[in-house]
Amino acid sequence: MIYRSWLRAEGFTPEVFDGRPVIGIANSWSELTPCNVHLRTVADAVKRGVWQAGGFPLEFPTMSLGESLMRPTAMLFRNLMAMEVEELLRANPLDGVVLLSGCDKTTPAMLMAAASADLPAIMVTGGPMLNGKYRGTDVGSGTHVWRFEQELVAGRMTQQECVAAESGMARSCGHCMTMGTASTMACLAEALGMQLPGSAAWPAADSRRYVTAQAAGQRIVQVVQEDLRPSRIMTRQAFENAIRVNAAIGGSTNAVVHLLAIAGRLGVPLRLDDFDELARPVPTLVNLMPSGRYLMEDFCYAGGLSVVIRELQDFLHNDHIGVTGRPLADTVADAECWNRDVIASLDAPLQPPGSGTAVLRGNLCPNGAVIKQSAASPHLLKHRGQALVFDSIEAYHEVAGREDLPVDASTVLVVRGAGPKGYPGMPEIGNFVLPRKLLERGVTDMVRISDARMSGTGFGTVVLHAAPEAAVGGPLALVRSGDWIELDTPGRTLTLEVADDELDRRRAGWVPAQPSSPRGYARLYYDHVLQADRGADLDFLVGASGADVPRHNH
């Protein structure tokens, strides 16, 4: 009686208390997260579907992570959001949940929470923005920010032109419309089976985004009745499918740390090397920025992810069951491609097999590093040069504009101190802008190495996620300017050409920096965060827990 009486204060009629499924709608709406600002309207569509299917929808707010505004990086708070959503799912009397996400870290955070709580769940991403427009051409959010920044530094673009470009770059609600992290994770939520087929690509401003949301509201009631939980959906087979789909779409390198973290929550065995081994036979099919020329709106109207999955059927576990309750092959059986310039076929791919994210090993990254080959310059994928080392991105920015900077096109730029503990949070600074004097001379790419991440919208020959990171004494901490470094992407190696005894001498003299996070969640994060090769989750959250965790029976 006490619980019903307080809910009656919201004006519900008596029949909602007749034992029908109670469906939570976890909403990451926030005006501080521009990508998610339309999710209140999306939630209304979900509610329509839940009511139609005989459920009782209750919307609640969650933390929201906006990559564009949060400092030092939204990645610092991904694990906090995952903790919060998990605890909300455990604490409240819910039978199932629809997860509303959009911006980069909101999608993996909610999937991590769903994996840990193991409550029947469906994800609804908010959809990409409409294509950006500038002077009669399509421009991509993020990708063109980096390009225009280089043009501005080189003196080939004015500040006024940049302001004009920015006003047309993000011209509707929704997340980045390039194949950045937000679009990648939306596609991978669909590939994992946690999102309805075809729903990842509909633009946020398209009415069919709301059709998708309403359909998810209808389906979650059935998912509850079937007791179809995330642990039954996000299996090892599902992650193998997602890794191969990521290769085909030219997806973000951030997918690596996110999928590792989600799998870790489920106890699913997944290794960093799986991302290379499983992806090697898969060509890049999707011609989207930053690896190609089109944007998510074009991808959607060309047929979307269902076309890619159908094209990849020889590589996938086609009997995998997602939230539809149907085998994967059945859900894409009718998919047709309407534009082969946007979604290529296996017979004529955009880039050949093995052009996706590569995992590197060597004495500079004994626990691994990654490089996005499809967005790199082919002539730099095998390169040897002398290092120019910076202990922080701020230190690099202070001198990047100097004419006397000792750098040329062959130099290997190294920025360290930007890993999970080092920054903290592992910011997206790995594709830092090139030195001004080289940009002015027409240089457009250089080999860059860091323990940081980069935006999924970024491009260039950028080695990322070097593990262990410099802040915990990884080899990156021992590199000195003038050292020779060899990158051999085809051979999957990254080598610091310094003798072992010299490295031992340097290691003996290395002094770790003091933690920059003395209190609160940031201190908890610093004390417990794992390295990038393990998904950068908190150590005490790894491992399957599921619905067996004790909870009060209301």
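Scroll up for the structure.
Let me sum up the structure you'll find in this document. This is a predicted model, so every value here is computed, not measured.

1. Some details on the environment of Ala205
Among the secondary structure elements, Ala205 is positioned in the loop between helix H7 (181–192) and helix H8 (207–226). Residue Ala205 is classed as partly exposed on the basis of its relative accessible area, which comes to 46%. On a C-alpha basis, the gap between Ala205 and His38 in space is 9.2 Å, while along the polypeptide they are 167 residues apart. Beyond its immediate stretch of four places on either side in the chain, Ala205 contacts Leu130, Ser172 and Cys173.

2. Thoughts on unusual backbone geometry
The bulk of non-glycine residues show a negative phi, and the bulk of peptide bonds are trans. Residue Pro290 is bonded to the preceding Met289 through a cis peptide linkage, with omega at 10°. Relative to the helices and strands, Pro290 resides in the loop between helix H12 (274–277) and helix H13 (296–301). A cis geometry characterises the amide bond from Ala467 onward to Pro468, with omega recorded as -5°. In this fold, Pro468 is placed in the loop between strand S12 (462–464) and strand S13 (484–488). At Arg135, a residue that is not glycine, the phi angle is positive and equals roughly 50°.

3. Details of the pairing of strand S8 (residues 369–372)
Taking every second residue as pointing to the same face, both faces of S8 are buried, with Ala369 and Ile371 on one and Val370 and Lys372 on the other. Direction of pairing for strand S7 (residues 357–360) relative to S8: antiparallel, over a ladder of 4 bridges. Across the sheet, Val359 pairs through a bridge with Val370, a residue of S8. In terms of strand pairing, S8 meets S12 through 2 bridges, oriented antiparallel. Along S12, the bridge assignment pairs Val370 with Leu464.

4. Side note on the nonpolar core
By size, the foremost hydrophobic cluster in this structure holds 126 residues, and its most contacted members are Phe239 and Phe299. If you tally residues by element for this core, the top one is helix H11 (residues 254–266), at 9 residues. Not counting chain neighbours up to four residues away, the residues in contact with Phe239 comprise Leu192, Met234, Leu259, Ile262, Ala263, Leu266, Val268 and Leu270.

5. Focus: H11
Over its 13 residues, H11 extends 19 Å from the first C-alpha to the last, a length consistent with the 18 Å expected when each residue adds 1.5 Å. Of all 13 residues in H11, 13 are buried; the element is thus mostly enclosed.

6. Digging into helix H5 (residues 143–153)
Among the residues of H5, those classed as buried are Thr143, His144, Phe148, Gln150 and Val153. Packed against the buried residues of H5 are strand S5 (132–134), strand S6 (137–139), helix H6 (159–169) and helix H17 (436–440). Backbone geometry just downstream of H5 places Gly155 in the positive-phi region, at approximately 85°.

7. With respect to the pattern of salt bridges
Going through the model one piece at a time under the given rule, you end up with 36 salt bridges. Where Arg208 meets Asp206, a salt bridge forms, and the shortest distance between an N and an O atom there is 3.0 Å. Close ionic contact of Lys382 with Asp488 constitutes a salt bridge, the shortest N to O distance being 3.3 Å. Pair noted here: Lys382 is in strand S9 (residues 382–390) and Asp488 is in strand S13, with a separation of 106 residues, a long-range link. Of the residues examined, Asp488 reaches a relative accessible area of 15% and is grouped as buried. Via salt bridges that share partners, Arg236, Glu240, Arg271, Asp273, Asp274, Glu277 and Arg361 belong to a single interconnected network.

8. Side note on empty space enclosed by the protein
If a probe as big as a water molecule is rolled over the atoms, it shows which places are left empty. Here the structure, examined in full by the defined rule, presents 5 cavities of 30 Å³ or more. Roughly 120 Å³ of internal volume is contained in the largest cavity. Along the walls of the largest cavity sit 17 residues, with Glu190, Gly193, Pro197, Leu328 and Thr331 positioned nearest its centre. Among the secondary structure elements, those contributing two or more residues to the lining of the largest cavity are H7 and helix H15 (328–331). Sorting elements by how many residues they give to the lining of the largest cavity places H7 first, with 3 residues. For the lining of the largest cavity, the residue count by class is 9 nonpolar, 6 polar and 2 charged. The wall of the second largest cavity is formed by Trp146, Glu149, Gln150, Asn431, Phe432, Val433, Thr444, Arg448, Phe459 and Gly460. Ranked by residues supplied to the lining of the second largest cavity, first place goes to H5 with 3 residues. The class makeup of the residues in the lining of the second largest cavity is 4 nonpolar, 4 polar and 2 charged.

9. So, the packing of aromatic side chains
Given two aromatic rings, one states the distance between the centres and the angle between the planes to describe the pair. On inspection of all chains with the given rule, the structure shows 8 aromatic pairs. Taken together, a centroid distance of 5.8 Å and an interplanar angle of 65° make the contact between Tyr134 and Phe148 edge-to-face. Of this pair, Tyr134 sits in strand S5 while Phe148 sits in helix H5; the two residues are 14 residues apart in sequence, bridging distant segments of the chain. Grouping residues by exposure puts Tyr134 and Phe148 together as buried. Geometrically, the ring pair formed by Phe390 and Tyr396 is edge-to-face, given 5.1 Å between the ring centres and 75° between the ring planes. On the basis of relative accessible area, Phe390 is assigned to the buried category, the value being 9%. Here Tyr396 falls in the buried class, since its relative accessible area comes to 0%. A cation over an aromatic ring shows up here: Arg40 above the ring of Trp29, its NZ or CZ 4.0 Å from the ring centre. A cation sits over an aromatic face here: Arg384 above Trp484, 4.2 Å from the ring centre.

10. Brief notes about the pairing of S9
As paired strands, S9 and S13 are joined by 5 bridges and run antiparallel to one another. By the bridge assignment for S13, Lys382 is matched with Asp488. By the bridge criterion, 4 bridges tie S9 to strand S10 (residues 412–415) in an arrangement that is parallel. From the neighbouring strand, Phe390 faces S10, where its bridge partner is Val415.

The rules behind each value
All residue numbers refer to positions counted from 1 along the written sequence of the respective chain. Local features in this predicted model are restricted to residues whose pLDDT is 70 or higher, and side-chain atom pairs enter the listing and the counts only when it is 80 or higher, whereas totals over whole chains, interfaces and linings include all residues. Hydrogens and waters are ignored; side-chain quantities use all the structure's heavy atoms. We count a stretch as a helix when DSSP gives it H or I for four or more residues in a row; a strand needs E for two or more, and each element gets its number in order from the N terminus. Relative accessibility thresholds used throughout: buried, under 20% of the residue-type maximum; exposed, over 50%; partly exposed, between the two (1.4 Å probe, protein chains only). Contacts were defined at the residue level, with two residues in contact if any of their heavy atoms lie within 4.5 Å. Two strands are counted as paired when DSSP detects at least two bridges linking them. Remark: nonpolar core denotes a set of buried residues (Ala, Val, Leu, Ile, Met, Phe, Trp, Tyr, Cys) joined through side-chain atoms within 4.5 Å. Helix span, expected: 1.5 Å multiplied by one less than the number of residues in the helix. For salt bridges, the criterion is a side-chain nitrogen of Lys or Arg within 4 Å of an Asp or Glu carboxyl oxygen. Detection works on a 1 Å grid of protein atoms alone, calling trapped sets that fit a 1.4 Å probe cavities and calling open sets with protein on both sides within 12 Å along at least five of seven lines pockets, with lining residues defined by an atom within 4 Å of a point. Grid points are joined across faces, edges and corners, and a volume is the space filled by probe spheres set on the points. In this classification, the charged set is Asp, Glu, Lys and Arg, the nonpolar set is Ala, Val, Leu, Ile, Met, Phe, Trp, Tyr, Cys and Pro, and all remaining amino acids, among them Gly, are polar. Pairs were defined over the aromatic rings of Phe, Tyr and Trp, the Trp ring being its six-membered one, requiring ring centres within 6.5 Å. Orientation was assigned from the angle between planes: stacked under 30 degrees, edge-to-face over 60, tilted for the rest. Working rule: Lys NZ or Arg CZ, within 6 Å of ring centre, within 35 degrees of ring normal, means a charge sits over the ring.

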